[in-house]
Structure formats: structure tokens, C-alpha cells
Amino acid sequence: MIFHLWRKNSDQLINKNAYFLELVNKGFNFHLLIIFNSQGDTGMVIAVPKEILPGENRVACVPDVASKLIKSGFQVQVEKDAGLNAGFTNDMYEKAGAKVVGLNDLYSTAHIIIKVQRPLDHPEAGKNEVELLKEGTLLITFLYPLNYPELATKCADKKINVISMDMIPRTT
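By convention here, each chain's residues receive numbers from 1 onward along its written sequence. Where local features are concerned, this predicted model is filtered to residues with pLDDT of at least 70; where side-chain atom pairs are given and counted, the filter is 80 or more; whole-chain, interface and lining totals use all residues. Computation of side-chain values covers all heavy atoms of the structure but excludes hydrogens and water.

1. Re empty space enclosed by the protein
In this analysis a 1.4 Å probe is tested at points of a 1 Å grid over the protein atoms alone, and where it fits but cannot get out there is a cavity; an open set with protein on both sides within 12 Å along at least five of seven lines is a pocket; lining residues have an atom within 4 Å of a point. Grid points are joined across faces, edges and corners, and a volume is the space filled by probe spheres set on the points. Under the criterion given, the structure shown has one cavity of 30 Å³ or more. Computed from the structure, the largest cavity encloses a volume of approximately 40 Å³. Forming the boundary of the largest cavity are Lys 50, Glu 51, Glu 56, Asn 57, Arg 58, Asp 81, Ala 82, Leu 84 and Asn 85. Residues are grouped as follows: nonpolar covers Ala, Val, Leu, Ile, Met, Phe, Trp, Tyr, Cys and Pro; charged covers Asp, Glu, Lys and Arg; every other residue, Gly included, is treated as polar. Considering only residue class, the lining of the largest cavity consists of two nonpolar, two polar and five charged.

Shown next, in the form of C-alpha cells:
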């Protein structure tokens, strides 16, 4: 698997075996290009955990986006009740084609984890969310590696690939 980040209006040729995740951050549209050796179903699982930081009501993926990712060949798994604080029920995710799963299934099968907040100590699991990730997972989140260098080190030590959204340039 090869990961590239580039501006939306680039003149790069698009491989017909490529699948895209759009990362939007205040005026810049970036895409994560994932190149596979096969067409159709990627077999790639994108997981959306419930945010555990007190007061965080957002969710990293809404049902409409989950549906688009599924149509692009990804499997989407959402932790049970991940979207409730943002107004999205488990039923809405299931109607979009996502699979609603428990905490253990979510992390054990994920290739890509998308979340809003940095990994924290999980109250149910009894360990940091980084420890729940398997080696080679791509984590897309606001990691704030300059403020939390120990998280960046944990990810590097565990061979977790990270796109830290706070490091994506913005115009505001």
C-alpha cells in the first residue's frame, strides 16, 4: 500500500485502481490516495470509534460520508453509539451500510481509524487507544504531536501511521 497526500487540483494521473479519502480542513482539500492491486471491493476497513474526551460531541464520520466510502469499495465500521452526541443514531449508520460494532471488534479489524480527538486512555479498555491499534494501522486524527510528543512516540514505536489533521495547512 502506498500513501500520498496532494492538492485536489494537481495534474497527477489518476490510477483506476486508486481509492480516495477526502480530508477537508478550512479551505484546503487534500486527498489520501491509496493504491491497491485489485479493483472493486478494497477489503479495507475504516473504523470510527466513539470519542471519549469529556465534552467532545463530534464524530469523525457521519452516515452520509460512510455511505460514500462504502460505495467507493471500503467497509465502514462504527463503534456502537459513536454518533449519538452528534445526533446520529446507530440505525442511521446501518441504513447507510456501515456495520455497528463493539470496541474490541472495531480496533481488531480496522486498517484505518478516523477520529476527532487524540488517542486517550480508554475507560472501558483500561489502556490508551494507541495500544488498541494493530501494527500498520493508519490513524487520521488531531494528534497534536508538538503538544503530545509521547503520543507520536507511542505511534512510531507501535508502527502506527498517522495523519495529524492539525498539521495540515489552513488559510484561517
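Now that the structure is up, let's keep going.
2. Notes on the nonpolar core
Residues belong to a common nonpolar core when they are buried Ala, Val, Leu, Ile, Met, Phe, Trp, Tyr or Cys residues joined through side-chain atoms within 4.5 Å. Accessibility here uses a 1.4 Å probe with only protein chains present; expressed as a share of the type maximum, an area under 20% marks a residue as buried, one over 50% as exposed, and anything in between as partly exposed. Ranked by internal contacts, the top residues of the largest apolar core, which has 20 residues, are Val 78, Ile 112, Ile 114 and Ile 140. At the level of secondary structure, the elements contributing two or more residues to this core comprise β4 (45-48), α1 (63-71), β5 (75-79), β7 (112-114) and β10 (138-141). Here Val 78 is in contact with Val 48, Tyr 93, Ala 98, Lys 99, Val 100, Val 101 and Leu 106, once residues within four sequence places are set aside. Counting residues in each nonpolar core, the second largest holds 15 residues, with Leu 103, Leu 106, Ala 110 and Val 130 among its members. Put simply, DSSP marks the helices as runs of H or I at least four residues long and the strands as runs of E at least two long, and each gets a number from the N terminus on. Residue contacts follow a heavy-atom distance rule, with two residues in contact if any of their heavy atoms lie within 4.5 Å.

3. Topic: the confidence of the model for the protein chain
Residues with a pLDDT of 70 or more make up 75% of the protein chain, whose mean pLDDT is 82. Between residues 1-39, whose pLDDT stays under 50, and residues either more than four places distant or in other chains, the model counts 96 contacts. Think of pLDDT as the predictor's per-residue confidence, scored from 0 to 100.

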